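Reading the structure
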Amino acid sequence: MPIATRAFAATAADKPLTPYSFERRDPGPDDVLIDVKYCGVCHSDLHAARSETGRSTYPLVPGHEIAGVVKAVGANVTRFKEGDRVGVGCMVDSCRECASCQEGVEQYCVPGFTGTYGGKDKKGGTRETITQGGYSDHITVDQHFVLSIPDSLALDVAAPLLCAGITTYSPLKEWGVGPGSNVAVIGLGGLGHMAVKLAAAMGAEVTVLSTSDRKKADAERMGARHFLINSDKDAMKAAAEKFDLIINTVSATHEIASHIQLLARDGTMVMLGLTTEGLPVLAIPLLWRRRRIAGSLIGGVRETQEMLDFCAQHGIACDIETIAPDQINAAYERMEKSDVRYRFVIDMEKLAA
């Protein structure tokens, strides 16, 4: 039978999220049914709820940082059993056939991966043609896209790792960060604070770039060795050509041309924020030092599991503020003001109340 599911959903771009009931599909042979315990709140949830990055389909249940416990599994599922601690990130399906999928980087699936919410659900039949996310008490997911959460990671602090953690871990790994690396992180928010923790754990010397020093103590606690105010022209000049890698986590439109000068020869700035407007860059600073500007998108299933295991090994978790489901609209308002240190996490067990 279809599974009755309670959730909080956006019903229109200009309306607050409200309680919503719908039906999840029964687990098929390859599916895992999960009791959602916690769901992180990503800034992209807000964008989607307000249809700011494309045409959202309503009602829409956001949430792609999901931590929970297995309730049931299909006949073909061998990796998980009832009671296992598991997570689901930004993907719940992909074509499995293109070169990217075959190489284990499903986030770059050529036809496009199926998002945890707002995507076309190829398994949903007539009941669930659009995927619905983790602001809900249950979710049914193909076993290929289910992650194992190590016992040493509490579920609440593990939830945001499924997006914020892997989004920052993947470029750090791709660009070979390790002992001797000089890494700068622009913005100390949900993504930025994870970039600092992960880069420091990998052995890098980490600098945080910010507009003020109000988060300096936090940055140092997380492993940053240096803190740079990007409006301080003398400090920026002194840091020129220092960094092998700059992780840019800022989602708003901002100036990056001056930051290019901070890159060493062959250095790279990796863009992670969902900016919707162009960011002007001069060619000469790129040419003169063979610098690069690149992008990176979450991570594949294999790399996401690697990230979770790395975090467990090094005692890394997100800094969170736990909220009840009915506080989500207030949380969105605070997110717009950068008033969270550093990730909201919804306690979905409070949904019944």
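Read on for an overview of the structure. Since this is a predicted model, take the numbers as computed values, not measurements.

Before going further, it helps to spend a moment on the overall build of the protein. Across its full length, the protein carries eleven helices and 17 strands. Its C-alpha atoms give the protein a radius of gyration of 20 Å, within 12% of the compact-globule value 20 Å for 353 residues. Overall, the protein is about 65 × 40 × 35 Å in size when its C-alpha atoms are taken along their principal axes. Looking at the protein as a whole, 55% of its 353 residues qualify as buried. Of the roughly 15400 Å² that the protein leaves accessible, carbon and sulfur atoms contribute 50%.

As a further point, take the nonpolar core. Among the nonpolar cores identified, the biggest contains 86 residues, and Tyr 135, Leu 161, Leu 172, Val 183, Ile 247, Ile 328 and Tyr 332 are the most heavily contacted of them. Non-local contacts of Tyr 332, meaning those with residues more than four positions away in its chain, are made with Leu 17, Val 41, Asp 45, Leu 46, Ala 49, Arg 50, Pro 62 and Tyr 135. By size, the runner-up hydrophobic cluster in this structure holds 15 residues, among which are Met 236, Ala 239, Ile 260 and Leu 262.

The topology assignment puts Asn 230 in the loop between β12 (226-229) and α7 (233-238). A C-alpha to C-alpha distance of 9.1 Å links Asn 230 and Ile 186, two positions 44 residues apart in sequence. Discounting residues that sit within four places of it in the chain, Asn 230 has contacts with Ser 210, Thr 211, Met 236 and His 259.

Now for empty space enclosed by the protein. Applying the stated criterion across every chain, the model contains two cavities of 30 Å³ or more. Considered as a void within the structure, the largest cavity measures approximately 120 Å³ in volume. Forming the walls of the largest cavity are 17 residues, and the residues nearest its centre are Arg 25, Val 92, Asp 121, Thr 131 and Thr 140. Counting only elements with at least two residues in the lining of the largest cavity, the list comes to β6 (91-93) and β8 (138-142). Examining the composition of the lining of the largest cavity, we find that four residues originate from one element, β8, more than from any other. Split into classes, the residues belonging to the lining of the largest cavity amount to three nonpolar, five polar and nine charged. Within this model, the second largest cavity holds a volume of roughly 100 Å³. Together, Gly 89, Cys 90, Met 91, Phe 145, Leu 147, Leu 162, Ile 166, Ile 298, Gly 299, Val 301 and Thr 304 line the second largest cavity. A breakdown of the residues in the lining of the second largest cavity according to their chemical character gives eight nonpolar, three polar and no charged.

Before going further, it helps to examine the packing of aromatic side chains. In this structure the tally under the stated criterion is two aromatic pairs. Their ring planes at 15° and their centres at 5.4 Å tell us that Tyr 20 and Phe 22 sit as a pair that is stacked. Of the residues examined, Tyr 20 reaches a relative accessible area of 24% and is grouped as partly exposed. Aromatic pair Tyr 169 and Phe 310: ring centres 5.7 Å apart, planes at 55°, arrangement tilted. One end of the pair, Tyr 169, is in helix α4 (residues 164-174); the other, Phe 310, is in helix α10 (residues 301-314), and 141 residues separate them in sequence. Each member of the pair, Tyr 169 as well as Phe 310, is classed as buried.

Procedures and definitions
Residues numbered from 1 in each chain as written. Predicted model: local features only at pLDDT ≥ 70, side-chain atom pairs only at ≥ 80, totals over all residues. Heavy atoms only, no water. Helix = DSSP H or I, 4+ residues; strand = E, 2+ residues; numbered from the N terminus. Rg over C-alpha atoms; globule rule 2.2 N^0.38 Å. Buried < 20%, exposed > 50% of the residue type's maximum accessible area, 1.4 Å probe, protein only. Areas by Shrake-Rupley, 256 points an atom, 1.4 Å probe, with all protein chains shown as cover. Core = buried A, V, L, I, M, F, W, Y, C linked by side-chain atoms within 4.5 Å. Contact = heavy atoms within 4.5 Å. 1 Å grid on protein atoms, 1.4 Å probe; cavity = no way out; pocket = protein on both sides within 12 Å on 5 of 7 lines; lining within 4 Å. Points joined across faces, edges and corners; volume = space filled by probe spheres on them. Nonpolar A, V, L, I, M, F, W, Y, C, P; charged D, E, K, R; others polar. Phe/Tyr/Trp six-rings, centres within 6.5 Å; stacked < 30°, edge-to-face > 60°.

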